[in-house]
Amino acid sequence: MEDLTMDERRRQSEMRALAAERRMQQAAAEAQSDVTGSSGSESNVQTVDSLKWKPVPQETMCEALAVIFGKGNINKSVLSQWSSQGLEFCSGAPGMLHLLVQEHGGPCGVLAPVQAFVLKHLIFSSHFNGDLCATNSEDILRALKGALCETIWRAGDYKSACLFRARSGGGSQLKSALERVPGDSCAIDEIVPSCFGPDTFEMKSFRSRAGLLSELETLCANTTFSTDLGVLLVLLSMVLSRGVGALVADRDDSGQPLVTSPFGHASQEIVNLFLVGKAVSNVFDGNMEMGGDIQLKGIPSKAQVGFLTLLESLNYMKVGRFLKEPEYPIWVMGSESHYTVLYCLDKTVQEESKRVRREKEVRQSFDAHDKSGGGGFV
């Protein structure tokens with residue numbers, strides 16, 4: 001009887017998640033209708049033949065890397081650490097095969113969200129037997145494929161997607177080219193021809209989720225993302241799936257790169273891009289009007305995987321309900337300098353009493369008229 005109850009709960013969870021994803025699709029279509037077509041790189045993605053891989057145009061690569069790292073005075077060590085981190089799972093410790101390993105500082109802003117969605121596809125799937133320590137390589141590969149497909153397809157507003165891959169020897173070729181660049185810093189337009197040229201990277205676009213999933217199955221099986229360029233390939237795929245123009249429009253301050261100097265840490269916008277498909281700068285619900293045509297952009301709708309941060313306890317930021325109360329009991333957790341993941345195997349951990357729900361509804365109704373950002377004034 002207990003097993004039947006657990007199966008029923010899992011089916012109900014999957015139905016709620018599907019309904020939430022459909023709501024997100026509808027919201028994304030409405031919000032994005034006037035943004036597409038605002039960037040040259042977006043048009044490059046649109047015209048790539050979806051039947052085969054093609055070299056990445058230099059202009060497209062320059063635009064994508066400029067958004068990620070900035071246009072000039074980029075620390076070579078930052079480029080090196082972001083091109084030396086793959087999506088590699090722990091292989092040396094029993095019971096930890098499902099955990100991603102971080103080798104360098106900075107890319108945790110990509111690793112943590114990917115880890116969170118891998119856990120979602122492991123725990124809340126029909127294949128899960130209740131014990132994460134018993135997962136095998138086949139389960140993990142399936143979960144990674146599902147996690148990447150979900151995040152990349154969402155970044156493309158559930159309409160299109162773009163994947164990056166490195167050609168054979170691309171990783172070593174990139175490292176050798178970086179070593180030949182003089183000085184400790186460089187500009188994007190100076191290094192793209194030698195380090196990120198068309199003989200190093202390829203791209204492929206998709207118009208269906210099924211096609212994207214099929215290609216990801218191939219890439220995950222041949223360990224494309226576990227190489228040193230894995231994290232960078234995933235981030236480039238997310239940026240180009242979103243479109244440089246749309247991504248710039250998502251942000252409050254597009255003058256700053258997504259990877260911050262001088263240590264190469266991932267910004268909150270990278271985390272949000274993976275969590276909700278938009279590179280918004282804040283973690284509160286919706287947008288906040290500041291007056292004078294100034295608007296701060298937040299989380300548009302309830303997320304599948306949530307976000308919590310130590311900085312909220314220090315009153316540096318406020319996380320809204322869309323991230324605090326996600327569809328699944330999995331959260332990316334942020335501190336001053338690192339991201340990790342918190343999760344639970346049982347969705348009932350998020351259940352609340354009738355009184356608590358009523359209090360939240362009252363507060364939400366008040367906040368809808370409070371334009372002070374939580375100051376308590378209507």
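Rules of the game
- Residues numbered from 1 in each chain as written.
- Predicted model: local features only at pLDDT ≥ 70, side-chain atom pairs only at ≥ 80, totals over all residues.
- Heavy atoms only, no water.
- Salt bridge = Lys/Arg side-chain N within 4 Å of Asp/Glu carboxyl O.
- Helix = DSSP H or I, 4+ residues; strand = E, 2+ residues; numbered from the N terminus.
- Buried < 20%, exposed > 50% of the residue type's maximum accessible area, 1.4 Å probe, protein only.
- Phe/Tyr/Trp six-rings, centres within 6.5 Å; stacked < 30°, edge-to-face > 60°.
- Contact = heavy atoms within 4.5 Å.
- Core = buried A, V, L, I, M, F, W, Y, C linked by side-chain atoms within 4.5 Å.
- Patch = residues over 30% accessible without salt bridge, like charges linked within 9 Å, V, L, I, M, F, W, Y side chains within 5 Å.
- Areas by Shrake-Rupley, 256 points an atom, 1.4 Å probe, with all protein chains shown as cover.

1. Examining the pattern of salt bridges
The full count for this structure, using the stated rule, is 16 salt bridges. Lysine 324 serves as the salt-bridge partner of glutamate 312, at 3.0 Å between the closest nitrogen and oxygen. With glutamate 312 in the loop between β10 (306–309) and α13 (321–324) and lysine 324 in helix α13, the pair connects residues that are 12 residues apart, well separated along the chain. You can call lysine 324 partly exposed: its relative accessible area is 30%. Here arginine 355 makes a salt bridge to glutamate 359, at a shortest N to O gap of 3.3 Å. On the criterion of helical spacing, the pair formed by arginine 355 and glutamate 359 is a turn pair, its members being 4 residues apart in helix α14 (residues 354–367). When salt bridges that share partners are traced, they join Lys120, Glu150 and Arg154 into one network.

2. With respect to the packing of aromatic side chains
With the rule as written, the count across this model stands at 4 aromatic pairs. Between the aromatic rings of phenylalanine 69 and tryptophan 82, the centroid separation amounts to 6.5 Å while the plane-to-plane angle is 80 degrees, which identifies the pairing as edge-to-face. Note that phenylalanine 69 is positioned in helix α3 (residues 58–69) and tryptophan 82 in helix α4 (residues 76–82), a separation of 13 residues in sequence. Among the residues examined, tryptophan 82 registers a relative accessible area of 0% and is labelled buried. Residues phenylalanine 307 and tyrosine 339 carry aromatic rings whose centres are separated by 6.4 Å and whose planes lie at 55 degrees to one another, so their mutual orientation is tilted. Taken together, the positions of phenylalanine 307 in strand β10 and tyrosine 339 in strand β12 (residues 339–343) put the pair 32 residues apart, joining distant regions of the chain. Across the pair, exposure class does not vary: phenylalanine 307 and tyrosine 339 are buried alike.

3. Quick word on the side chain of asparagine 272
For asparagine 272, the location among the structural elements is in helix α12 (residues 268–276). Excluding anything up to four places from it in sequence, asparagine 272 contacts Gly277, Lys278, Val280, Ser281, Asn282, Val283 and Ile299.

4. Let's talk about the nonpolar core
Residues Phe69, Trp82, Leu87, Leu148, Phe164 and Phe196 are the most contacted members of the largest nonpolar core, which totals 97 residues. By residue number, the principal contributor to this core is helix α5 (residues 108–123), which donates 11 residues. Residues contacting leucine 148, with those up to four places away along its chain left out, are Leu87, Val114, Leu216, Cys220, Phe225 and Val234.

5. Considering a nonpolar patch on the surface
Taken together, Leu310, Leu314 and Tyr316 make up a surface patch of nonpolar side chains, about 340 Å² in accessible area. Among the secondary structure elements, tyrosine 316 is positioned in the loop between β10 and α13. On the accessibility criterion, tyrosine 316 (65% relative accessible area) is exposed.

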